[in-house]
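Commentary on secondary and tertiary structure
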Amino acid sequence: MSAATTRSRTPRTPAPDRLCAEAVELARAAAEEAAYPGMVGEHVSAVAEGDRVVTHLFECKEAGYRGWRWAVTVTRAARAKNVTLDETVLLPGDDALLAPEWVPWSERLRPGDMGPGDLLPTDAEDLRLEPGYTGEDAPPPNSLVSAEMAELVEAEDADVTDRVVVPERGSITSVAEELGMRRARVLSRYGLHTAADRWDEAFGAKTPMAQAAPASCVSCGFLVAIGGSLGQAFGVCANEFGPADGHLVSLSYGCGGHSEAAVMPKPPRPAEPVLDSMAIDEFPLRPAAGAAGPVPSRDLPPEDLGHS
C-alpha cells in the first residue's frame, strides 16, 4: 500500500479558518448575551468543526458549573468575508461537575418516600401481583341448565333488576370473596416471599432484640393473629410499650415486653435444716446456787473440774 493511499484513508482534520478563528470578540459578545453579566471568562481555545466552521470556548464563572465552557460556533459562507454566528451553548469540559445519571422513579423509590396525596402506579406485569378470582361459578357438568342458558338467564335478570347479586353461600365465589380473592389482582407467591423476607429482617429472630428476649412472640399474649398463609409465620404486636407495637412481627421474634416476662416465679424456699447450727446452746459450768449435785473434790486437778 502506497503512502498516498494511506494518507487518503486517514481522516483529515480541517485547519481552523483564519477569519472564523479571529472572530473571538464576536463569539464573546454572543456568550455574554446568553449568560448572566460577568459570567463569561477567558477565551480557552478555538476548535475547527469543519470547513469555515470554528467553535470558540470560554470559561464559565457560574458557581454551580465548575469546569463548563461557553461554546460559541461561528461560520462564514464560501468566498465571503463576513463571519456570522451559528449557535451558543454551555457544554461540560473534561473536569466538569456533572449531575448523576438519571434513574427512573421506579428504581429510586424507597420505603417511606410516599406522602399524603401521592399516587404510586403499579406495573401491569408486576411480579408481586397475580390475577385474582373475579369470575362467577360455572354450572356443573351434570346440571340440567346448560352454560348458554345460565348466561341468558343472568343477562335477563340483569335487565330487570339493579340489585347487587350476593354470591350463594358455599359457592366458589363466596369462598373467594371471604378469602379476599375477588380483587382484580392479589399477591403472588413471589410477592408473599419478598414481603416475608422484608418483615423478618426488621422484626425477626436474628435481630438483637429477639436474641436477648426471654421468650418468642408465639407465646406472647399481646400477639394478634392474622389470616392467610402469612399468618403461619407472622402476627401483629399489640403491646403499646413494645418496640414493635402495631407492626407485623415474626412468631420467632421477641422482646422484653413479653406478656409472661413480668410473671416472675417465686424463689424456692429452702428446707428446714436438720441440725440447728444457728442457735447457741448454753451449758453452765457450775451448778446454780442451791441446786443439788455432787461437789467437786478439792484434791482433783483443775483440768478434771471442767475449767477451760
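This report concerns the structure included in the present document. (Residues numbered from 1 in each chain as written. Predicted model: local features only at pLDDT ≥ 70, side-chain atom pairs only at ≥ 80, totals over all residues. Heavy atoms only, no water.)

Here we come to the pattern of salt bridges. In total, this model carries two salt bridges according to the counting rule given. Measuring nitrogen to oxygen at the nearest pair gives 2.9 Å for the salt bridge that ties Arg76 to Asp17. With Arg76 in the loop between strand 3 (68-75) and strand 4 (84-92) and Asp17 in the loop between helix 1 (3-9) and helix 2 (18-21), this pair connects stretches of sequence that are 59 residues apart. One salt bridge connects Arg18 with Glu22, and the closest N-O pair in it is separated by 3.6 Å. (Salt bridge = Lys/Arg side-chain N within 4 Å of Asp/Glu carboxyl O. Helix = DSSP H or I, 4+ residues; strand = E, 2+ residues; numbered from the N terminus.)

With that out of the way, let us pick up the side chain of Asp17. Judged by its relative accessible area of 12%, Asp17 is buried. Ignoring anything within four residues of it in the chain, the contact list for Asp17 reads Arg52, Val54 and Arg76. (Buried < 20%, exposed > 50% of the residue type's maximum accessible area, 1.4 Å probe, protein only. Contact = heavy atoms within 4.5 Å.)

Before going further, it helps to spend a moment on the sheet that holds strand 8 (residues 234-237). Taken in spatial order, the three strands line up as 7-8-9 in an open sheet, and their pairing is antiparallel. The open sheet has two edge strands with one neighbour each: strand 7 (223-225) and strand 9 (248-250). Between one strand axis and the next, the sheet turns by 50° as a mean value, whatever way the strands run. As paired elements, strand 7 and strand 8 share three bridges and run antiparallel to each other. Bridge assignment links Leu223 to a residue of strand 8, and that residue is Cys237. (Pairing = 2+ DSSP bridges. Axes fitted to C-alpha atoms, helices over the stretch in contact; angles between N-to-C directions.)

What follows deals with the sheet that holds strand 1 (residues 40-50). Strand order in this open sheet of four strands is 1-2-3-4, and the pairing throughout is antiparallel. The outermost strands of the open sheet, each flanked by one partner alone, are strand 1 and strand 4. Between one strand axis and the next, the sheet turns through 20° on average, direction left out of account. As defined by bridge partners, strand 3 adjoins strand 4 across eight bridges and the pair is classed as antiparallel. Bridging from a neighbouring strand, Trp68 pairs with Pro92 of strand 4. The strands touched by helix 3 (residues 24-34) are strand 1, strand 2 (53-60), strand 3 and strand 4; relative to strand 1, the strand with the most contacts, the crossing angle is about 115°.

The subject of this paragraph is the packing of aromatic side chains. Within a pair of aromatic rings, the relevant descriptors are the distance that separates the centres and the angle that separates the planes. The tally for this structure, following the rule as stated, stands at three aromatic pairs. On the basis of an interplanar angle of 85° and a centroid distance of 5.3 Å, the ring pair of Tyr65 and Trp68 is categorised as edge-to-face. For Tyr65, a relative accessible area of 37% gives the class partly exposed. Geometrically, the ring pair formed by Trp199 and Phe234 is edge-to-face, given 5.6 Å between the ring centres and 85° between the ring planes. Here Phe234 lies in strand 8 and Trp199 lies in helix 7 (residues 189-202), a separation of 35 residues in the sequence. Overall, Trp199 belongs to the partly exposed group, its relative accessible area being 24%. (Phe/Tyr/Trp six-rings, centres within 6.5 Å; stacked < 30°, edge-to-face > 60°.)

Both strand 8 and strand 9 contribute to a ladder of three bridges, which runs antiparallel. Bridging from a neighbouring strand, Val236 pairs with Leu248 of strand 9.

Our focus in this paragraph is unusual backbone geometry. Backbone geometry at Arg52 places phi at a positive 60°, although glycine is not the residue there. In this fold, Arg52 is placed in the loop between strand 1 and strand 2. For Arg79, which is not glycine, the phi torsion reads 65° and is therefore positive. As for its position among the elements, Arg79 is in the loop between strand 3 and strand 4.

One finds Ala31, Val40, Phe58, Trp70, Val72 and Val74 to be the most contacted residues of the largest nonpolar core, which totals 14 residues. Every element with two or more residues in this core is listed here: helix 3, strand 2 and strand 3. With four residues, the top contributor of residues to this core is strand 3. When residues no more than four places from it in sequence are discounted, the contact partners of Ala31 are Val40, Trp70, Val72 and Thr88. Grouped together as the second largest cluster of nonpolar side chains are seven residues, Cys217, Ala244, Val249 and Tyr253 included. (Core = buried A, V, L, I, M, F, W, Y, C linked by side-chain atoms within 4.5 Å.)

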